[in-house]
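# Residue-level structure breakdown
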Amino acid sequence: MSKFPENFLWGGAVAAHQVEGGWNADGKGISIVDVLTKGEHGVPRKMTDNVEAGEVYPNHQAVDFYHRYSQDIALFAEMGFKCFRTSIAWSRIFPNGDESTPNEAGLAFYDRLIDNLLSQGIEPVITLSHFEMPYHLVKAYGGWASRKVVDCFVRFCETVFTRYRDKVTYWITFNEINNQLNWDYPLFGYCNSGVIFTEHDHPEQMLYQVLHHQFVASAKVVALGHVINPDFKIGSMIHMMPLYPATCHPDDLLASQRAMRDKYLCSDVQVRGHYPHYIWPQWAAKGIQVAMDDDDVQILENGRADFLAISYYMTNIVDANPPEEDENALFSASRLNPHLPASDWGWQIDPKGLRYALSELYERYEKPIFVVENGLGALDTMEASGEINDDYRISYLSQHIEALGEAISQDGVDVIGYTPWGCIDCVSFTTGEYRKRYGFIYVDRHDDGSGDFSRHRKKSFYWYQSVIANNGLTE
Ligand code: BG6
């Protein structure tokens, strides 16, 4: 018997900028990722001042979904997708972000995309901000450091909520809003908010000010969405990366508890509707003062998220007394777990951590959880026969789906859906590479600019088709 409910939302996830291409088509403005160059594992992507000659900007073409969405959706339908998560690129709708009227050609693209999904019986799940704010908002206002951007975002959301009132039910406000708590990594703040925190005198002061603006924006959007259509389900989204104590020493336990507050802060505010108790002493100790308007407390309270969306890729460990230098660590705040294997990009593989994460989150919030990202970025090879035998991906996803099923059937967690990341190969967010592939569908496009963008079914394509047909049975 299946461990998954009958109406479970099986599908896949992408983001507009990582698949669409067409970066300046039909009136689209420049977004923050359009000035982000290609990097690789260990080589950071650069943010250039404008689109500069001689630089490589992989998101400009991505995998050309802008022109090939119809063919791609047919492949999603063939796999049996019940839902498809993508984002609406803000800069297609408001090219500069601060206009008062939208770009009709940009909306027309999403009309066609959403209608196509619905005609195939696939429920759209729409992220409103997935690392692609209009670049003009960064240049003119300093990104989310300015409260002015709150109004721009609300206008954008009102436009698409109204347009798709009867077509879209599931919305997510900010993708992985808590990435930027890793404020010492320029890419995270830049993609979340258009702000590079390390360029500011008091980086954490800026971080929390930016976050406050996004919390207010998110809450306003949730409340507004419920007026436009009371049946809308509007979620908050965090990257969920459990940080286990490195040992059973009580100091490590406390260090892990403290570190986890950085993971939970955003969902604590967005799901519960107020700041959590632990933030005030933390801000006092660091001399942080966040500017808030008088009615913000009420705005946060009135705009609580309907569900929690998470991405889940890995776990790490936290050590109360970490070594000064740890060249293997992916993040400054955590270390690698000696008990776990890792992907070629150093992301540790921990299916049980997903079950643990789901239980922790459900106990904390008692709200439905949507796993909107999970997956293995790997190097795929096409055989001479044309086959792509990605058994490693099947193994990774099988183990995570098993863990998800156990969280539902044995722990009683209310999980509403599962959309593996990059269901079609796309441009990597952290590295800008094509070769870091996640898809069930292979795209013939490579980091040296070669490839004809043709699509090919991988072995995992047929496997996932069977998983969906059998409501979660992985063999
Ligand atoms: C998440 C993002 O952090 O992880 C996606 O929401 C991203 O945009 C995904 O692509 C995987 O990361 P990467 O760097 O492997 O593409």
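The rules behind these values
- Residues numbered from 1 in each chain as written.
- Predicted model: local features only at pLDDT ≥ 70, side-chain atom pairs only at ≥ 80, totals over all residues.
- Heavy atoms only, no water.
- Pairing = 2+ DSSP bridges.
- Helix = DSSP H or I, 4+ residues; strand = E, 2+ residues; numbered from the N terminus.
- Axes fitted to C-alpha atoms, helices over the stretch in contact; angles between N-to-C directions.
- Contact = heavy atoms within 4.5 Å.
- Buried < 20%, exposed > 50% of the residue type's maximum accessible area, 1.4 Å probe, protein only.
- Near = heavy atom within 4 Å.
- Polar contact = N/O pair within 3.5 Å; in protein donor to acceptor, adjacent residues only side chain to side chain.
- Areas by Shrake-Rupley, 256 points an atom, 1.4 Å probe, with all protein chains shown as cover.
- Nonpolar A, V, L, I, M, F, W, Y, C, P; charged D, E, K, R; others polar.
- UniProt positions renumbered as here; feature names shortened; annotations may be inferred.
- Salt bridge = Lys/Arg side-chain N within 4 Å of Asp/Glu carboxyl O.
- Phe/Tyr/Trp six-rings, centres within 6.5 Å; stacked < 30°, edge-to-face > 60°.
- Disulfide = S-S within 2.5 Å.
- Expected span 1.5 Å × (residues − 1).
- Parallel < 35°, antiparallel > 145°, perpendicular 65-115°, else oblique.
- Left-handed = near helix turned anticlockwise from the far one by under 90°.

## As for the sheet that holds strand 1 (residues 9–13)
Pairing between the strands of a sheet is mediated by backbone hydrogen bonds and can be parallel or antiparallel. The parallel closed barrel is built from eight strands, whose spatial order is 1-2-3-4-5-7-9-10. Averaged over all adjacent pairs, the angle separating strand axes in this sheet is 30 degrees, with direction ignored. Lying over the sheet, helix 8 (residues 203–228) contacts strand 3 (123–129), strand 4 (170–174) and strand 5 (233–239), oriented at roughly 160 degrees with respect to strand 4.

## Things to note about the pairing of strand 5
For strand 5, the buried fraction is high: six of the seven residues fall into the buried class. One ladder, built from three bridges, connects strand 4 with strand 5; its direction is parallel. Among the inter-strand pairings, Tyr170 is bridged to a residue of strand 5, identified as Lys233. Of the strand pairs in this sheet, strand 5 and strand 7 (residues 307–311) are connected by five bridges, and their pairing is parallel. Directly across from Met237, in strand 7, lies its bridge partner Ala309.

## What to know about the site of the ligand
Near the ligand, the surroundings consist of 14 residues, among which Glu176, Glu373, Thr430, Lys436 and Tyr438 are the closest. A distance of 2.9 Å is found between an oxygen atom of the ligand and a side-chain nitrogen or oxygen belonging to His130. Protein chains bury 97% of the 380 Å² of accessible surface belonging to the ligand in isolation. Class assignment of the residues belonging to the shell around the ligand gives a composition of six nonpolar, five polar and three charged.

## Quick look at the side chain of His17
Along the polypeptide, His17 turns up in helix 1 (residues 16–19). His17 gets classed as buried once you look at its relative accessible area, which sits at 8%. Reaching out from His17, the side chain makes a polar contact with the backbone oxygen of His130 at a distance of 3.3 Å. Dropping the residues within four chain positions of it, His17 is found in contact with Val33, Asn59, Ala62, His130, Phe131 and Glu132.

## Section: the pairing of strand 1
Burial within strand 1 is extensive, with five of its five residues counted as buried. Going residue by residue along strand 1, you find Leu9, Gly11 and Ala13 tucked away on one face and Trp10 and Gly12 tucked away on the opposite face as well. Pairing geometry for strand 1 and strand 10 (residues 415–418), over two bridges, is parallel. The residue bridging Trp10 from the neighbouring strand is Tyr418, located in strand 10. With three bridges joining them, strand 1 and strand 2 (residues 83–87) adopt parallel strand pairing. By the bridge assignment, Gly11 is partnered in strand 2 with Cys83.

## Quick notes on the UniProt feature "active site" (unreviewed entry) in the protein
Summarizing the sequence annotation, UniProt attributes the feature "active site" (unreviewed entry) to Glu373 in the numbering used throughout. Relative to the helices and strands, Glu373 is located in strand 9 (residues 369–373). The residues touching Glu373, leaving out its near neighbours within four places in the chain, are Arg85, His130, Asn175, Glu176, Met237, Ile310, Ser311, Tyr312, Tyr313, Thr419 and Trp421.

## With respect to the pattern of salt bridges
Taken as a whole and assessed by the stated rule, the structure comprises 30 salt bridges. A salt bridge links Lys28 to Asp34, with the shortest nitrogen-to-oxygen separation between them at 2.8 Å. Each of the two residues, Lys28 as well as Asp34, counts as buried. What you see here is one network of salt bridges that share partners, running through Asp380, Asp390, Arg393, Asp425, Arg437 and Lys458.

## What to know about the packing of aromatic side chains
Across all of its chains, the model carries 41 aromatic pairs by this definition. With a centroid separation of 6.1 Å and an interplanar angle of 45 degrees, the aromatic rings of Phe188 and Phe429 are classed as tilted. Highlighted residues: Phe188 in helix 7 (residues 186–193) and Phe429 in the loop between strand 10 and strand 11 (441–443), separated in sequence by 241 residues. One exposure class covers both Phe188 and Phe429, and it is buried.

## Considering the environment of Asn116
With respect to the helices and strands, the residue Asn116 is situated in helix 4 (residues 104–119). Judged by relative accessible area, Asn116 falls into the buried class, the value being 15%. Separated by 43 residues in the primary sequence, Asn116 and Ile73 have C-alpha atoms spaced 7.5 Å apart. Other than its neighbours up to four places away in sequence, Asn116 contacts Tyr69, Ser70 and Ile73.

## Observations regarding the state of the cysteines
For the coordinates displayed, the defined rule picks out zero disulfides. No disulfide involves Cys266; its sulfur sits 16 Å from the nearest other cysteine sulfur, which is in Cys191. A relative accessible area of 0% means that Cys266 is categorised as buried.

## Here's the deal with helix 4
Helix length check: helix 4 (16 residues) gives 22 Å between terminal C-alpha atoms against 22 Å at 1.5 Å per residue, within 8%. Taken together, the buried positions of helix 4 are occupied by Gly106, Leu107, Phe109, Tyr110, Leu113, Ile114, Asn116 and Leu117. The secondary structure elements touched by the buried residues of helix 4 are helix 1, helix 2 (65–79), strand 2, helix 3 (90–93), strand 3 and helix 6 (148–163). Just past helix 4, the residue Gly121 takes up positive phi, approximately 75 degrees.

## Quick word on the packing of helix 4 against helix 6
Where helix 4 contacts helix 6, the axes come no closer than 12 Å and their chain directions differ by 45 degrees. It follows from the interaxial angle that helix 4 and helix 6 lie oblique. Read as a crossing pair, helix 4 and helix 6 show a hand that is right-handed. Seen from helix 4, the contacting residues are Glu104, Leu107, Ala108 and Asp111; seen from helix 6, they are Thr159, Val160 and Arg163.

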